[in-house]
Amino acid sequence: MATGSGSGGTPARELFGSKWGFVLAAVGSAVGLGNMWRFSYVAAEGGGAAFVILYVIMVLLLGIPLMLSELVVGRKTHLSPIGALRELGGRGWALLGGLFVLVGFLILSYYSVIAGWTMRFALESAMTGFPGDPGQHFGEIAAGPAAMGWHLAFMVLTIGIVMVGVQKGIERAAMVLMPTLFVIVIGLAFWAATLEGAGAGYAYYLTPDLSELMNPNVIRQAASQAFFSLSLGMGAMLTFASYLARDEDLNEQAVTISFADFAVAFTAGLVVFPVIFALGLQDSVGESTVGALFIALPGAFEAMGGPGRVVGVLFFVALAVGAITSAISLLEVVTSSIIDEFGIARKNAAIMMGILIAIFGLASAHNTDVLGLVDQIAGELLLAVGALSMAIFVGWRMKDPGAEMLRGAGPRFTGAVPAVLFLVKWLLPPVIAVVVWFQIWATRDAITGFFGAA
Ligand code: PFF
């Protein structure tokens, strides 16, 4: 087994067994509910293609530089977020690592609830088909004891994989699950192209309404979607990179991971939009809430009869697969920090933290309004705060991040490093600060709405 010695005299650290193991695990973290569910509904809300354009800009300008920033901090220190930031930045910056752990905890607590719905749809639809009245069905399963049960089952699965370790758990799961997901999503896109309403779906998805490009709300959502989808702003990529050998080209990997993540989100859109337009369901998704796609898509699959059932099962299987590999990385951020900070064995750390997260998540499983609120606070606001802090850290505090970016860099990327450093230092902080500012207001509204409605 590949191991490495951590800095600061820590015991040998388990490393990824291969370059592709790392890349697939990182892509596994990035590709998840965010790609196949959140991307489509935020795009539907944000004017379709206009959102997609803004999103691509955000991934290129903010996402890739931020991802590289997280990767260099992780690989340089071979430590989990708290220790890594303490080592490179001093005690104060360790607090940022603490924030990452908190955000991982919070996001996983509700992510697992949605993943639970997904698993349930995958299994139920395989066994008994899709429900006749999807709206009513969703109302029954989204919250309450059933949602809690599936949430707990999903957490058990996640804990089971993280417990086993980096190579035998995380890497192995990613090597099997990610290719499966790619094949399913690409297959579904080909199938969706044969649907009758496909043209209208593509038109909406791919013809931009340029007036939306300047809409601050859509810009905020595109930036936040990039952080969420690329797993940035909470140390997930940092943690995975801490299990990397020193000689990989991190620039190439940041680009590969980001591209793969976008490709899956984009391809998922090529499935979702034709399906909902084929059945005239666009209005129900446009005024979207967390649940919209979980109602519209099963309804669409059901209406298509036999073939709909097969593709529907595949769609939800892919969604559940994506959710698992992402949940693993969320739990790993929390677990690895507990291991490093308190010297607790991996197995115990994973079980203990997993149970705490599962218990906390029961609140989201009990009430979807709680889920929406925690998503706004952790998945939108705190991720943006984490991303901002990380940009400031690498841009202004860390000593010579460029040297770590260049270590192992191939000739294709060496020339780009100064430009990336420039972006991290000068572009990212002000731009992400604006995103944070908008997220504060959105969060304030969400909190008011929550207590007003309660
Ligand atoms: N990137 C995941 C998704 O798109 O579903 C969600 C996620 C995983 C966010 C890990 C943050 C994270 F650290």
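Quick caveat: nothing in here was measured; it's all calculated off a predicted structure.

### Regarding the overall build of the protein
Per the secondary structure count, the protein includes 20 helices and 2 strands. Seen through its principal axes, the protein has C-alpha atoms that stretch 60 × 45 × 45 Å. The 454 residues of the protein split such that 61% are buried. For the protein, restricting intrachain contacts to residue pairs at least 6 apart in sequence, the fraction spanning at least 24 positions comes to 84%.

### Details of the site of the ligand
Taken together, 15 residues are adjacent to the ligand, and Ala 30, Gly 34, Tyr 111, Phe 228 and Met 234 come closest. Here an oxygen atom of the ligand sits 3.1 Å away from a polar atom, N or O, in the main chain of Leu 33. Asn 35 is positioned such that a nitrogen or oxygen atom in its side chain is 3.3 Å from an oxygen atom of the ligand. Protein chains shield 100% of the accessible area of the ligand, which is 340 Å² for the free molecule. For the ligand, the cavity whose grid points lie within 2 Å of the majority of its atoms is the largest cavity. Of the residues that constitute the shell around the ligand, the class distribution is 7 nonpolar, 8 polar and no charged.

### As for the pattern of salt bridges
Pairing between side chains of opposite charge can happen when their charged atoms approach one another. All told, the structure shown has 11 salt bridges when counted by the stated rule. Residues Glu 252 and Lys 19 are paired through a salt bridge, measuring 3.2 Å at the closest nitrogen-oxygen approach. Here Glu 252 is found in helix α12 (residues 250-278), whereas its partner Lys 19 is found in helix α1 (residues 19-30), with 233 residues between them in sequence. Overall, Lys 19 belongs to the partly exposed group, its relative accessible area being 30%.

### Digging into unusual backbone geometry
The phi torsion at His 78 lies on the positive side, around 55°, for a residue other than glycine. Checked against the element boundaries, His 78 lands in the loop between α3 (49-77) and α4 (81-89). Not every positive phi belongs to a glycine, and Ser 231 is a case in point at roughly 55°. With respect to the helices, strands and loops of the structure, Ser 231 is situated in the loop between α10 (216-229) and α11 (236-241).

### Here we look at the packing of helix α16 (residues 346-366) against helix α17 (residues 368-397)
In a pair of packed helices, the angle between the axes and the distance between the axes together describe the arrangement. It is the contact of α16 with α17, at a shortest axis distance of 5 Å, that shows an interaxial angle of 120°. As summarised for this structure, α16 and α17 are arranged oblique, according to the angle between their axes. In this structure, α16 contributes Ala 363, Ser 364 and His 366 to the contact, and α17 contributes Thr 368, Val 370, Leu 371 and Val 374. A per-class count over the contact of α16 with α17 returns 4 nonpolar, 3 polar and no charged.

### Focus: the environment of Val 317
Its place among the elements puts Val 317 in helix α15 (residues 305-342). On the basis of relative accessibility, which here comes to 30%, the residue Val 317 falls in the partly exposed class. Note: C-alpha distance between Val 317 and Met 119 (198 residues apart in sequence) is 7.2 Å. When near neighbours in sequence (up to four residues on either side) are disregarded, Val 317 contacts Ala 122 and Ile 184.

### Topic: helix α7 (residues 145-164)
Counted at 1.5 Å a residue, the expected span for α7 with its 20 residues is 28 Å, and the 29 Å between its end C-alpha atoms agrees. What α7 keeps buried is the set Ala 147, His 151, Phe 154, Met 155, Thr 158, Ile 159, Ile 161 and Val 162. On an axial view of α7, the arc spanned by its buried residues comes to 165°, and they lie on one face. Seen from the open side of α7, the exposed residues pointing more than 90 degrees away from its buried face are Pro 145 and Val 156. Tucked into the core, α7 has its buried residues touching α5 (91-128), α6 (134-141), α8 (166-193), α15 and α16. Gly 165 occupies a position one or two residues after α7 and carries a positive phi of about 125°.

### Some details on the confidence of the model for the protein
Per-residue confidence for the protein gives a mean pLDDT of 92; residues scoring 70 or more make up 95%. Here residues 1-10 is modelled with pLDDT under 50, and outside its nearest four sequence neighbours on either side it reaches 24 contacts, counting other chains as well.

### Section: a nonpolar patch on the surface
Where nonpolar side chains cluster on the molecular surface, the patch consists of Ile 53, Ile 57, Leu 60, Leu 61 and Leu 210 and spans about 430 Å² of accessible area. Take Leu 210: it is sitting in the loop between α9 (198-206) and α10.

### Comments concerning α16
For α16, built from 21 residues, the straight-helix expectation of 30 Å at 1.5 Å per residue is met to within 8% by its first-to-last C-alpha distance of 30 Å. When the local axis directions of α16 are compared, the greatest deviation, roughly 30°, occurs at Phe 360. Among the residues of α16, those classed as buried are Arg 346, Ala 349, Ala 350, Met 353, Gly 354, Ile 357, Ala 358, Gly 361, Ser 364 and Ala 365. Elements that come into contact with the buried residues of α16 comprise α5, α7, α8, α15 and α17.

### A word on empty space enclosed by the protein
In this approach a probe as big as a water molecule rolls over the atoms, and the regions it shows empty are the leftover space. Summed over all chains, the structure comprises 3 cavities of 30 Å³ or more. Its boundaries defined by the atoms lining it, the largest cavity holds a volume of some 140 Å³. What lines the largest cavity is a set of 19 residues, and nearest its centre among them are Ser 29, Tyr 111, Phe 228, Ser 231 and Leu 330. Elements with a contribution of two residues or more to the lining of the largest cavity: α1, α2 (33-45), α5, α10 and α15.

### Some remarks on the side chain of Gln 221
Relative to the elements of secondary structure, Gln 221 occurs in helix α10. What makes Gln 221 buried here is its relative accessible area of 18%.

### Things to note about the packing of aromatic side chains
Applying the stated rule across the entire model yields 31 aromatic pairs. Centroid distance Phe 39 to Tyr 55: 5.2 Å. Interplanar angle 65°. Geometry classified as edge-to-face. In this pair, Phe 39 sits in helix α2 while Tyr 55 sits in helix α3, placing the two residues 16 residues apart along the sequence. The buried category is assigned to Tyr 55, whose relative accessible area is 0%. With centroids separated by 5.0 Å and ring planes inclined at 90°, the aromatic side chains of Phe 450 and Phe 451 adopt a geometry described as edge-to-face. For Phe 450, a relative accessible area of 18% corresponds to the buried category. These aromatic residues form a ring-pair network of at least three members: Trp 37, Tyr 41, Trp 117, Phe 121, Phe 130, Phe 138, Phe 294, Phe 301, Phe 315 and Phe 316. Over the face of the ring belonging to Phe 228 we find Arg 38, whose NZ or CZ atom lies 4.4 Å from the ring centre.

The rules behind these values
Residues numbered from 1 in each chain as written. Predicted model: local features only at pLDDT ≥ 70, side-chain atom pairs only at ≥ 80, totals over all residues. Heavy atoms only, no water. Helix = DSSP H or I, 4+ residues; strand = E, 2+ residues; numbered from the N terminus. Buried < 20%, exposed > 50% of the residue type's maximum accessible area, 1.4 Å probe, protein only. Contact = heavy atoms within 4.5 Å. Near = heavy atom within 4 Å. Polar contact = N/O pair within 3.5 Å; in protein donor to acceptor, adjacent residues only side chain to side chain. Areas by Shrake-Rupley, 256 points an atom, 1.4 Å probe, with all protein chains shown as cover. 1 Å grid on protein atoms, 1.4 Å probe; cavity = no way out; pocket = protein on both sides within 12 Å on 5 of 7 lines; lining within 4 Å. Sits in = over half its atoms within 2 Å of the grid points. Nonpolar A, V, L, I, M, F, W, Y, C, P; charged D, E, K, R; others polar. Salt bridge = Lys/Arg side-chain N within 4 Å of Asp/Glu carboxyl O. Axes fitted to C-alpha atoms, helices over the stretch in contact; angles between N-to-C directions. Parallel < 35°, antiparallel > 145°, perpendicular 65-115°, else oblique. Expected span 1.5 Å × (residues − 1). Arc of directions from axis to C-beta. pLDDT = per-residue confidence, 0-100. Patch = residues over 30% accessible without salt bridge, like charges linked within 9 Å, V, L, I, M, F, W, Y side chains within 5 Å. Bend = angle between axes of the 7 residues up to and from the residue. Points joined across faces, edges and corners; volume = space filled by probe spheres on them. Phe/Tyr/Trp six-rings, centres within 6.5 Å; stacked < 30°, edge-to-face > 60°. Lys NZ or Arg CZ within 6 Å of the ring centre and 35° of its normal.

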